[in-house]
Amino acid sequence: MARFRLSDLNDAQRIAATTTDGPLLILAGAGTGKTRVITMRVAYLIAQGVDPAHILAVTFTNKAAAEMRERLGKMIDAADAKKVTMSTFHALCLRILRAGIDRLGYKNNFSIYDEGDQLGLIKKIITRTAARDEKLDPNIAKASISKAKNNGWSPPHDGETLAGAVFRRYRDELKTANAVDFDDLLLLTVQLLNEHPDVRQRWRERFRYLMVDEFQDTNRLQLELVRLLADERQNIAVVGDDDQSIYGWRGAEVSNILEFEHHFPNPTVVKLEENYRSTNAILGTANSLIKHNPRRRPKRLWSSRGDGEKVRLIESPNDREEGQFVAEEIHRRHMDTEEPWEGFAVLFRMNAQSRILEENLRRLQIPYRIVGGKSFFDRREVKDLIAYMSVLVNPEADANLLRIINTPARGISAATVETALQWSVRQKCSLWEALRSAQFVASVSARTGASINAFVELIDSYQIKIAEPLTEPSAIVTKLIAEIEYATELRRSCKTAEEASAREGNIGDMLRDLAAFAQRSTKGLPGFLDEILLDQEREEEKQEDIEKKKAVTLITMHAAKGLEFRHVYLIGLEEGLLPHERSKSEGTIDEERRLLYVGITRARRTLTLSYCRDRLKFGSVSPCHPSSFIKELAPEFLERVDLKKLLATPVTEVTGKSRFAQMRAAIGG
DNA sequence: AATCGTCTGCTTTTT
DNA sequence: GCAGACGATT
């Protein structure tokens with residue numbers, strides 16, 4: 001029985017949730033109940049008799065997909081909810097490719113190269129290809145390859161530049177390695193559906209109702225994929241907000257949402273403008289800023305809540321004092337108003353800005369958490385283990401093989417590997433095939449040859465074990481780790497015993513994850529690898545679960561999208577930082593404005609903006625000017641606050657509650 | 001093979 | 001001002 005009520009929605013939301021046929025564009029401003037509408041729409045479709053298996057909802061992050069799934073589970077029958085496909089673009093593509101990539105000449109056990117693998121391969125190709133005086137930054141090459149793939153460009157065949165040659169070799173060597181990168185997941189899926197009508201038809205039959213979340217962040221390939229799937233029925237509902245498009249630098253095309261009518265003619269267009277998150281002072285400030293953007297769909301967020309407190313604007317002498325002020329004020333407000341730590345967030349443009357904040361928060365013993373930063377998947381031992389497991393599934397993926405071929409040391413030196421690699425390039429085969437080739441092994445010393453043969457036999461034997469159905473993959477991998485004495489290797493290579501055991505613990509965690517995966521899935525080791533490669537967030541979430549942190553949040557404005565906090569501090573609002581200097585030269589100031597807009601609309605109750613007169617930049621103090629965005633903000637909601645006066649006054653807002661709290665404390669309960 | 005020292009060059013990072 | 005990359009050194 002349905003546990004959802006359409007009457008819980010406002011008029012616009014209800015239209016969005018109940019328009020089931022034809023293209024639908026839902027322009028969902030910040031805090032307007034977007035996820036609610038999407039899940040309600042899915043529930044409504046099912047209530048109308050649509051088979052849940054025919055519904056596809058695509059998101060950008062695993063977190064968003066999981067949240068949607070959870071909410072849907074509360075609304076409708078659990079069995080039905082399970083049948084709905086909710087996945088990220090990349091996970092969807094992976095699924096389509098695992099089923100049919102052989103049509104494109106790959107094997108279905110292909111590996112996925114992460115950005116590190118990509119970079120490693122590109123570096124190798126550059127050093128092999130470039131002439132002595134030629135230079136090409138691998139990171140730039142990687143970025144242009146990604147851009148080229150997303151634009152559907154092919155590498156040039158002749159009269160080629162170094163960059164072009166690197167692109168072509170990169171593409172060819174990936175294929176030889178039976179591997180794809182993140183861009184390929186999209187690119188090859190589009191290619192597969194384009195070139196093979198039967199495959200296309202199959203997936204069109206499967207997914208008859210499509211929904212795409214965060215549509216403003218889709219790139220060209222993602223739009224193309226959606227078009228391919230939606231083609232005949234045009235049952236495509238997209239949700240997004242052009243004002244929150246902040247990933248243009250990653251290839252997102254705002255035009256996808258701005259010109260939705262062009263891609264999907266005659267859509268129903270619904271605007272969600274009633275905001276359930278913030279006060280009108282905050283929304284008015286946001287509206288006044290964003291209306292300065294030329295290319296946008298006009299929208300005005302409003303709330304039935306009152307104006308609330310004015311937005312404060314604070315000037316600090318320098319970044320140190322800014323950090324000190326923010327930390328001290330959060331401390332004071334927490335003490336005075338009993339506002340819990342997790343009600344506060346400090347938002348900034350670059351991660352480097354978090355340092356000063358951290359120091360000040362630590363000094364006052366305020367608990368904090370930093371969102372983003374380095375992933376657990378960057379850890380050496382985790383990468384090694386993933387590489388070992390990947391090699392068992394697909395030994396042709398050079399990147400994985402290279403990682404483990406001599407870890408722990410087994411007598412296959414870097415020089416030997418280099419020779420093998422050269423041989424494999426000449427033979428247009430994978431490194432693995434080179435190692436297996438009797439002809440190659442004969443070309444190295446007897447001793448090295450023996451080491452290579454032993455390694456090949458090791459991998460072969462475990463490959464056979466892992467391929468057997470009904471065997472427990474985690475037991476096999478555990479045995480492999482023991483056989484190569486990886487723990488010994490860790491103890492040898494770590495400075496302290498604690499570090500070694502911490503790393504060993506990470507290995508244990510991952511093996512337990514694998515065992516748990518095998519319990520709930522039939523997809524075995526390959527399935528496990530797919531999951532961890534496309535969900536790098538998992539580990540981080542786990543950590544949060546353990547601590548359930550009651551802490552102040554430090555976060556970039558990018559990473560803050562989709563989150564909300566009662567009290568938000570936006571720091572470093574200076575010309576050159578926000579908007580960033582580079583955006584000014586690159587002509588992407590509109591996106592910087594949207595970034596600030598995203599930051600502002602994270603705040604539920606109070607918002608404090610701050611800039612400095614001086615800032616430590618590249619080691620030396622340099623003067624700064626207030627961001628040009630500040631003068632675009634509606635003056636009626638803005639209050640300039642003098643830092644000195646503020647520090648002199650012990651309690652500002654919510655004095656009543658503070659007194660009440662003090663009285664209660666005095667009474668003792 | 002590991003470690004030390006110097007050089008460089010500075011956003012944002014869903015997958 | 002500092003991290004990360006890379007080459008010279010033992």
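Anything mentioned here points back to the structure above.
1. A word on the protein's contact with DNA strand B
Line of reasoning, step 1. DNA strand B sits among 23 residues. The nearest are Tyr247, Arg349, Asn351, Thr556 and His558.
Line of reasoning, step 2. The protein-proximal atoms of DNA strand B, defined as those within 4 Å of the protein, are 44% sugar or phosphate.
Line of reasoning, step 3. The backbone of Asn62 places a nitrogen or oxygen atom 3.4 Å from a phosphate oxygen of DNA strand B.
Line of reasoning, step 4. At a separation of 2.4 Å, a base oxygen of DNA strand B approaches a polar side-chain atom of Arg349.
Line of reasoning, step 5. For the surface near DNA strand B, the class distribution of residues is seven nonpolar, seven polar and nine charged.

2. Describing the side chain of Asp530
Line of reasoning, step 1. On the secondary structure map, Asp530 appears in helix H26 (residues 524-533).
Line of reasoning, step 2. With relative accessibility at 13%, the residue Asp530 sits in the buried group.
Line of reasoning, step 3. At 2.6 Å, the side chain of Asp530 forms a polar contact with the side chain of Arg98.

3. Some thoughts on the pattern of salt bridges
Line of reasoning, step 1. Applying the stated criterion to the full structure yields 50 salt bridges.
Line of reasoning, step 2. Between Asp217 and Lys561 there is a salt bridge, and its shortest N-O distance comes to 2.5 Å. Of this pair, Asp217 sits in the loop between strand E6 (209-212) and helix H11 (220-230) while Lys561 sits in the loop between helix H28 (557-560) and strand E13 (565-570), placing them 344 residues apart in sequence. Note on accessibility: Asp217 and Lys561 belong to one class, buried.

4. Quick word on the sheet that holds strand E7 (residues 236-240)
Line of reasoning, step 1. Judged by pairing direction, the sheet is parallel, and its six strands sit side by side in the order E3-E2-E6-E7-E1-E8 without closing on themselves. The strands lining the two open edges of the sheet, one partner per strand, are strand E3 (85-88) and strand E8 (268-272). The mean inter-strand angle of the sheet, taken between neighbouring strand axes irrespective of direction, is 15°.
Line of reasoning, step 2. Here four bridges tie strand E1 (residues 24-28) to E7, and the two strands are oriented parallel to one another. Its bridge partner being in E7, Leu24 is matched across the sheet by Ala237.
Line of reasoning, step 3. Here helix H3 (residues 62-75) sits on the sheet and contacts strand E2 (55-59) and E3; the angle it forms with E3, its principal contact strand, is near 160°.
Line of reasoning, step 4. Along the sheet, H11 contacts E2, E6 and E7; its crossing angle with E6, the most-contacted strand, is approximately 165°.

5. Focus: H3
Line of reasoning, step 1. The terminal C-alpha atoms of H3, which comprises 14 residues, lie 20 Å apart, in line with the 20 Å expected from a rise of 1.5 Å per residue.
Line of reasoning, step 2. Among all positions in H3, only Ala65, Met68, Leu72 and Met75 are buried. The arc that holds the buried residues of H3, viewed along the axis, is 85°, so those residues lie on one side.
Line of reasoning, step 3. Elements in contact with the buried residues of H3: helix H2 (34-47), E2, helix H4 (78-83) and E3.

6. Quick word on the pairing of E2
Line of reasoning, step 1. With five of its five residues buried, E2 lies for the most part within the structure.
Line of reasoning, step 2. Burial along E2 is two-sided: Ile55, Ala57 and Thr59 and Leu56 and Val58, pointing in opposite directions, are all buried.
Line of reasoning, step 3. As judged from the four bridges shared by E2 and E6, these two strands associate in the parallel manner. Looking at E6, one finds that Val58 is bridged to Val212.
Line of reasoning, step 4. Pairing of E2 with E3 involves four bridges; the strand directions are parallel. Residue pairing across strands places Leu56 opposite Thr85, the latter belonging to E3.

7. Regarding the pairing of E7
Successive side chains on a regular strand alternate, one facing one side of the sheet and the next facing the other.
Line of reasoning, step 1. Of all five residues in E7, five are buried, a share of seventy percent or more.
Line of reasoning, step 2. Burial along E7 is two-sided: the face carrying Ile236, Val238 and Gly240 and the face carrying Ala237 and Val239 are both buried.
Line of reasoning, step 3. Taken together, E6, H11 and E7 constitute a β-α-β crossover, and its handedness is right-handed.

8. Observations concerning the nonpolar core
Line of reasoning, step 1. In this structure, Met389, Leu435, Phe455, Met510 and Leu525 are the most contacted members of the largest nonpolar core, which totals 49 residues.
Line of reasoning, step 2. Considering every element that reaches this core, the biggest residue donor is helix H17 (residues 380-393), with nine residues.
Line of reasoning, step 3. Residues within four places of Leu435 in sequence aside, it is in contact with Leu401, Ile405, Ala420, Phe440, Val441, Ile452, Phe455 and Val456.
Line of reasoning, step 4. Within the second largest apolar cluster, 44 residues are counted, among which are Leu25, Val226, Leu228 and Ile236.

9. Side note on the side chain of Ser316
Line of reasoning, step 1. If you trace the backbone, Ser316 turns up in strand E9 (residues 311-318).
Line of reasoning, step 2. Owing to a relative accessible area of 0%, Ser316 belongs among the buried residues under this scheme.
Line of reasoning, step 3. Other than its neighbours up to four places away in sequence, Ser316 contacts Glu321, Glu322, Ser610, Tyr611, Cys612, Arg613 and Leu643.

Reading the values: rules and limits
Residues numbered from 1 in each chain as written. Chains lettered and ligands numbered in written order. Predicted model: local features only at pLDDT ≥ 70, side-chain atom pairs only at ≥ 80, totals over all residues. Heavy atoms only, no water. Near = heavy atom within 4 Å. Polar contact = N/O pair within 3.5 Å; in protein donor to acceptor, adjacent residues only side chain to side chain. Nonpolar A, V, L, I, M, F, W, Y, C, P; charged D, E, K, R; others polar. Helix = DSSP H or I, 4+ residues; strand = E, 2+ residues; numbered from the N terminus. Buried < 20%, exposed > 50% of the residue type's maximum accessible area, 1.4 Å probe, protein only. Salt bridge = Lys/Arg side-chain N within 4 Å of Asp/Glu carboxyl O. Pairing = 2+ DSSP bridges. Axes fitted to C-alpha atoms, helices over the stretch in contact; angles between N-to-C directions. Contact = heavy atoms within 4.5 Å. Expected span 1.5 Å × (residues − 1). Arc of directions from axis to C-beta. Right-handed = clockwise from strand over helix to strand, strands pointing away. Core = buried A, V, L, I, M, F, W, Y, C linked by side-chain atoms within 4.5 Å.

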